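Overview (structure and organization)
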Amino acid sequence: MRYDLAVIGTGQGGVPLALDFAKRGKRVVVFERAQLGGCCVNVGCTPSKAFLASAHAAGRARRATDVHVHCDVRVDVPAVMRRVRDVVGDWHDGVEKKFAKSSAELVRAEASFDAPHLIRAGGDTYEADVVVLDTGGHANVPPIEGLAGTPYLTNENFFLQETLPRQLIVLGSGYIGLELGQGAARLGSTVTLVTPDDRIIAREEIDVCSVLSASFERDGIDVRLERKATKVAHDGARFTVTLDDGATVEGDGLLVAIGRRPNIPAGTVERAGIALDERGNVRCDEHLRTSVAGHYALGDVAGQPQFTHVSWEDFRRLRSIIDGDESRTRDDRVLGYAMYTEPQLGRVGLSADQAKERGIAHRVVTLQLADVARGAEWALEAGFFRLVVDPQSDAILGATFTGYEAGELIHVILAHMEARSTWRVLERSVHIHPTFAEGLPTLARLLL
């Protein structure tokens, strides 16, 4: 049977694309080898943020001592983990229901290519005029001596645990390692975090790292900087990780959080002729087209920033592109993102470091949360607001926020940037007192 559209994978871009085309009367087939919903629903955003809801509630209760409130915090970890899985189940069931109401054909099998427009799955073949790869990625597991065959954790099995390790070793200091590491610490684990970088979350500005490092220290997390794991041993109950300086770290749990790698269906290169880039992602042009006519990719596997909101926007981009509107491109919207540690990180556009590295003329101003009334009143003074602007046009180039609910506050700047506003509009805005957002016009006024 021939289809108008075939989508491989059911991530946050592929699902709405398939359902939209099916609603328009197109013949659509969708392939999924595992649970519907992709990384976000099953092993990413949904479980991690449900997990952190409990972890940060515990952490905030303990830190209430800052305002002279003393709490006896008792965490029911098995119940926390059950709730995480229940939330995942609810979201997963929601995706199932959407397909049940749709005319899109859902094939629950792993898909591979026999030819550019010929897909094999579950012993059958399917032909499609347009093929979209939405296959996402998987945890990158480095070839550390002794690691293979041990019961190590990644984000893909972390949330299947009934309880948490008493002593957790975390390899990696990116978003996954930091969020889950701090979360585990706040729920009762003793955590040691190992990273080869000279600071945690090394892709961000050093001031961000300093704020987060202080918070991690207060949570009792042992951070080993500029260290690599060279060997792993497991005796059936405990891990021993040997570092490159000869030191060892022991624990009953090991979380490997060293990036992700793209999922590439069998035959993609050899039989479909689709080219990959130097990082193993599907190589796409600015319109998300692959090297083969009629083939597209979106989200993580297309080398896009690995955020759910980017994948979902890729759906809207790709829908327009397939319909013939080439005004949409892979990076045609202002990019913002957040990290859900405490304090949070919120980022949009360029950081000051990035502007400097790229030789872009810029001005930068920073306001400490200690100088925002709400920060002092609530004893939430750790962090800052930073704004980067163009000195000629006054356009806002980007912002870096770290602190309480920075991931929410950054949307103020994102909206200004999407509207092509300037820092002068922000400066003359009257924000409500006393809020954290009240500090944003104050931040802009530092440019006067």
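Our structure is the block above this text.
The model shown is predicted, which means the values in this text are computed figures rather than measured ones.

A word on unusual backbone geometry. Cis geometry marks the peptide bond from Glu342 to Pro343; its omega dihedral reads 0°. Within the secondary structure, Pro343 is located in the loop between β17 (336-339) and β18 (344-349). In this structure, Glu226 is a non-glycine residue whose phi angle is positive, near 55°. Structurally, Glu226 can be placed in the loop between β10 (222-224) and β11 (229-234). We note that Arg420 has phi near 60°; this positive angle belongs to a residue other than glycine.

Let's shift gears to the state of the cysteines. Evaluation of the coordinates by the stated rule reveals zero disulfides. Cys284 takes part in no disulfide bond, and the closest cysteine sulfur, belonging to Cys39, lies 18 Å away. We classify Cys284 as buried; its relative accessible area is 16%.

Ranked by size, the top nonpolar core spans 45 residues in total, and within it Phe31 and Val132 carry the most contacts. Not counting residues up to four positions away in its chain, the partners in contact with Val132 are Leu5, Ala6, Val7, Ile8, Leu17, Tyr296, Leu298 and Leu318. Residues Phe158, Phe159, Leu168 and Ala257 belong to the second largest nonpolar core, which totals 39 residues.

Glancing now at the sheet that holds strand β21 (residues 396-403). Strand order in the open sheet made by the five strands is β17-β18-β21-β20-β19, with antiparallel pairing throughout. Each of the sheet's edge strands pairs with one partner strand only, and the pair in question is β17 and β19 (363-368). Strand after strand, the sheet turns through a mean of 10° between neighbouring axes, direction not considered. Of the strand pairs in this sheet, β17 and β18 are connected by four bridges, and their pairing is antiparallel. In the sheet register, Met339 faces β18, and the bridge partner there is Leu345. Packing against the sheet, helix α10 (residues 406-418) makes contact with β17, β18, β20 (384-389) and β21, and its axis sits at approximately 10° to β18.

Next up on the list: the packing of helix α1 (residues 14-23) against helix α7 (residues 308-322). The interhelical angle for the contact between α1 and α7, taken along N-to-C directions, is 40°, at an axis separation of 8 Å. Classed by the angle they form, the pair α1 and α7 counts as oblique. Here the hand of the crossing between α1 and α7 comes out right-handed. Contact with α1, carried on its side by Pro16, Leu17, Asp20 and Phe21, involves Trp312, Phe315, Leu318, Arg319 and Ile322 of α7 and no other residues of that element. The residue inventory of the contact of α1 with α7, partitioned by class, reads seven nonpolar, no polar and two charged.

The subject of this paragraph is the packing of aromatic side chains. In the structure shown here, the tally under the stated rule is twelve aromatic pairs. On the basis of an interplanar angle of 45° and a centroid distance of 6.1 Å, the ring pair of Tyr175 and Tyr337 is categorised as tilted. Note that Tyr175 is positioned in helix α5 (residues 175-186) and Tyr337 in strand β17, a separation of 162 residues in sequence. Using a relative accessible area of 17% as the deciding quantity, one classes Tyr175 as buried. Judged by centre distance (4.6 Å) and plane angle (50°), the ring pair of Phe385 and Phe401 falls under tilted. Of the two residues, Phe385 sits in strand β20 while Phe401 sits in strand β21, which places them 16 residues apart along the sequence. On the basis of relative accessibility, which here comes to 2%, the residue Phe385 falls in the buried class.

Looking now at the environment of Ala115. One can find Ala115 in strand β4 (residues 111-115). Classification of Ala115 as partly exposed rests on a relative accessible area of 24%. Sequence-wise, Ala115 and Thr190 are 75 residues apart; in three dimensions their C-alpha atoms are separated by 51 Å.

A few words on the sheet that holds strand β12 (residues 239-243). Strand order in the open sheet formed by three strands is β11-β12-β13, with antiparallel pairing between adjacent strands. The open sheet has two free edges, formed respectively by β11 and β13 (248-251), since each of these has just one partner strand. Between one strand axis and the next, the sheet turns through 20° on average, direction left out of account. With four bridges joining them, β12 and β13 adopt antiparallel strand pairing. Among the inter-strand pairings, Thr242 is bridged to a residue of β13, identified as Thr248.

Below, the discussion takes up the pairing of β13. Here β13 shows a clear split, with Val249 and Gly251 buried on one side and none of Thr248 and Glu250 buried on the other. Between β12 and the antiparallel strand that follows it, β13, lie four residues; Gly246 among them carries a positive phi value of about 90°.

Once that is clear, we can look at α1. Of all the ten residues making up α1, nine are buried; the element is thus mostly covered by neighbouring parts of the structure. Of all the positions in α1, only Gly14, Val15, Pro16, Leu17, Ala18, Leu19, Asp20, Phe21 and Ala22 are classed as buried. Contacts made by the buried residues of α1 are with β1 (2-8), β2 (28-31), α4 (77-100), β6 (124-133) and α7. With its phi angle positive at about 90°, Gly25 sits one or two positions after the end of α1.

Scoring rules and cut-offs
- Residues numbered from 1 in each chain as written.
- Predicted model: local features only at pLDDT ≥ 70, side-chain atom pairs only at ≥ 80, totals over all residues.
- Heavy atoms only, no water.
- Helix = DSSP H or I, 4+ residues; strand = E, 2+ residues; numbered from the N terminus.
- Disulfide = S-S within 2.5 Å.
- Buried < 20%, exposed > 50% of the residue type's maximum accessible area, 1.4 Å probe, protein only.
- Core = buried A, V, L, I, M, F, W, Y, C linked by side-chain atoms within 4.5 Å.
- Contact = heavy atoms within 4.5 Å.
- Pairing = 2+ DSSP bridges.
- Axes fitted to C-alpha atoms, helices over the stretch in contact; angles between N-to-C directions.
- Parallel < 35°, antiparallel > 145°, perpendicular 65-115°, else oblique.
- Left-handed = near helix turned anticlockwise from the far one by under 90°.
- Nonpolar A, V, L, I, M, F, W, Y, C, P; charged D, E, K, R; others polar.
- Phe/Tyr/Trp six-rings, centres within 6.5 Å; stacked < 30°, edge-to-face > 60°.

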